[in-house]
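Chains, contacts and geometry: an overview
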Amino acid sequence: MTATLIDGKAFAALIREKVATHVARIKEAQGVTPGLAVVLVGDDPASEVYVRSKGKQTVEAGMNSFEHKLPVDTTQEALLELIETLNADQSVHGILVQLPLPEHLDESLVINAIDPAKDVDGFHISNVGLLATGQKSMVPCTPLGCVMMLRDQLGDLSGKDAVVIGRSNIVGKPMAQLLLRESCTVTIAHSRTKDLPEVVKRADIVVAAVGRANFVQGDWIKPGATVIDVGINRIPAPERGEGKSRLVGDVDFAAAKEVAGAITPVPGGVGPMTIACLLANTLTACCRAHGLAEPDGLT
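About the thresholds
- Residues numbered from 1 in each chain as written.
- Predicted model: local features only at pLDDT ≥ 70, side-chain atom pairs only at ≥ 80, totals over all residues.
- Heavy atoms only, no water.
- UniProt positions renumbered as here; feature names shortened; annotations may be inferred.
- Helix = DSSP H or I, 4+ residues; strand = E, 2+ residues; numbered from the N terminus.
- Contact = heavy atoms within 4.5 Å.
- Buried < 20%, exposed > 50% of the residue type's maximum accessible area, 1.4 Å probe, protein only.
- Expected span 1.5 Å × (residues − 1).
- Polar contact = N/O pair within 3.5 Å; in protein donor to acceptor, adjacent residues only side chain to side chain.
- Phe/Tyr/Trp six-rings, centres within 6.5 Å; stacked < 30°, edge-to-face > 60°.
- Pairing = 2+ DSSP bridges.

Per an unreviewed UniProt entry, the protein is named Bifunctional protein FolD, and its organism is Celeribacter halophilus. In its Subunit (unreviewed entry) section, the UniProt entry covering the protein states "Homodimer." As its UniProt record puts it under Pathway (unreviewed entry), the protein is described as follows: "One-carbon metabolism; tetrahydrofolate interconversion."

Residues annotated in UniProt with the feature "domain: Tetrahydrofolate dehydrogenase/cyclohydrolase NAD(P)-binding" (unreviewed entry) correspond here to residues 140-288. The distance separating the terminal C-alpha atoms of residues 140-288 is 17 Å; by composition the span is 35% helix and 19% strand.

Turning next to the UniProt feature "binding site: NADP(+)" (unreviewed entry) in the protein. In the numbering used here, UniProt assigns the feature "binding site: NADP(+)" (unreviewed entry) to Gly166, Arg167, Ser168 and Ile232. For Gly166, the location among the structural elements is in the loop between strand S5 (161-165) and helix H7 (172-181). Gly166 has contacts with Gly172, Ile188, Ala189 and Ala209, leaving out every residue within four places of it along the chain. Looking at the element boundaries, Ser168 is found in the loop between S5 and H7. A relative accessible area of 31% places Ser168 in the partly exposed class.

All right, on to helix H1 (residues 8-30) then. With 23 residues, H1 extends 32 Å from end C-alpha to end C-alpha; this agrees with the ideal 33 Å at 1.5 Å per step. Turning to H1, its buried residues number three or more, namely Gly8, Phe11, Ala12, Ile15, Val19, His22, Val23 and Ile26. In the core, the buried residues of H1 are packed alongside helix H6 (141-154) and helix H10 (271-289). Looking at where H1 begins, the residue whose side-chain oxygen comes 3.1 Å from the main-chain nitrogen of Lys9 is Asp7. Looking at the residues trailing H1, positive phi occurs at Gly31, about 70 degrees.

The next subject is the packing of aromatic side chains. The final tally for this structure, using the stated rule, is one aromatic pair. Residues Phe215 and Trp220 carry aromatic rings whose centres are separated by 5.4 Å and whose planes lie at 85 degrees to one another, so their mutual orientation is edge-to-face. By relative accessible area, which is 12% here, Trp220 ends up buried.

Moving on, we come to the pairing of strand S2 (residues 35-41). Within S2, seven of the seven residues are buried, which leaves it mostly tucked inside the rest of the structure. Residue alternation in S2 divides its side chains into two sets, Gly35, Ala37, Val39 and Val41 and Leu36, Val38 and Leu40, and both sets are buried. Sheet analysis places S2 next to strand S3 (residues 64-70), joined by seven bridges and oriented parallel. What sits directly across from Val38, in S3, is Glu67.

Okay, unusual backbone geometry next. The amide bond that connects Leu99 to the next residue, Pro100, takes the cis arrangement and shows omega of 0 degrees. Relative to the elements of secondary structure, Pro100 occurs in the loop between strand S4 (94-97) and helix H4 (107-111). Cis geometry marks the peptide bond from Val266 to Pro267, where omega comes out at 0 degrees. Tracing the backbone through its elements, the reader meets Pro267 in the loop between strand S11 (262-263) and H10. The residue Ser183 is not glycine, and still its phi comes out positive at about 70 degrees. Its location among the elements puts Ser183 in the loop between H7 and strand S6 (185-189). The class of Ser183 is partly exposed, set by a relative accessible area of 42%. Positive phi, close to 55 degrees, is recorded for Asn214, a residue that is not glycine. Relative to the helices and strands, Asn214 resides in the loop between strand S7 (205-208) and strand S8 (226-229). Exposure remark for Asn214: the relative accessible area of 28% places this residue in the partly exposed category.

Dropping the structure here:
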């Protein structure tokens, strides 16, 4: 068996197209334009590239993009004042503070200062609690993208046995909550799980989000299982030249694809879905703010 490749890049393009179509519809019918504000503190090169990409895709989807770039020595008070201003700005429906922040800033305090209804990252403690209790919330983008791909690949997820490897607040825990919402039977595995290969072998769905290159082995995978690899790890690639590297996931892709029924590659799998789901969340937040019907299949 050779697994079907789940093309995250192509699927993300479809999501962005759905978002753009819905944005155009509400702009014409309601005169409402969703707006996303992104706050970047400092000059981290990777964060700058990511923020530029977010801004570009926001505009391409027909939304308003508001970028706020602050110096690295920005004070806690100044950042909180900006967030308060954005919370009150009715043209801004989504607020994202690019992480990580400089060490002198309190990430938890900053995230929890964002209006939960505009928290398109889904990290505010109120949204975490709402998701955990099965109520309407803003959902973290990466897990949301994963469950969208699973629904597209498998259809009804009800009754599936799912294992999430990793218990981070950003991916592992919300991923488990979303799978529970889909009526899966969910196990959260982690570094202290006993007999981890045996736990993984029983799963119809495996979501690897442990942050360790090629950690999940091919013989851990149940034949025909669907594997979602969230990991993005850079490892040396001497075959490409001295000092060169390449990206790999948390799953030994070459081995797992010979066993799994479907699998996401790295790169080109989960990664592209994150910004697509950020746009979807911004649209959802806008619709909720104006009492409009939420976009179908994007939450």
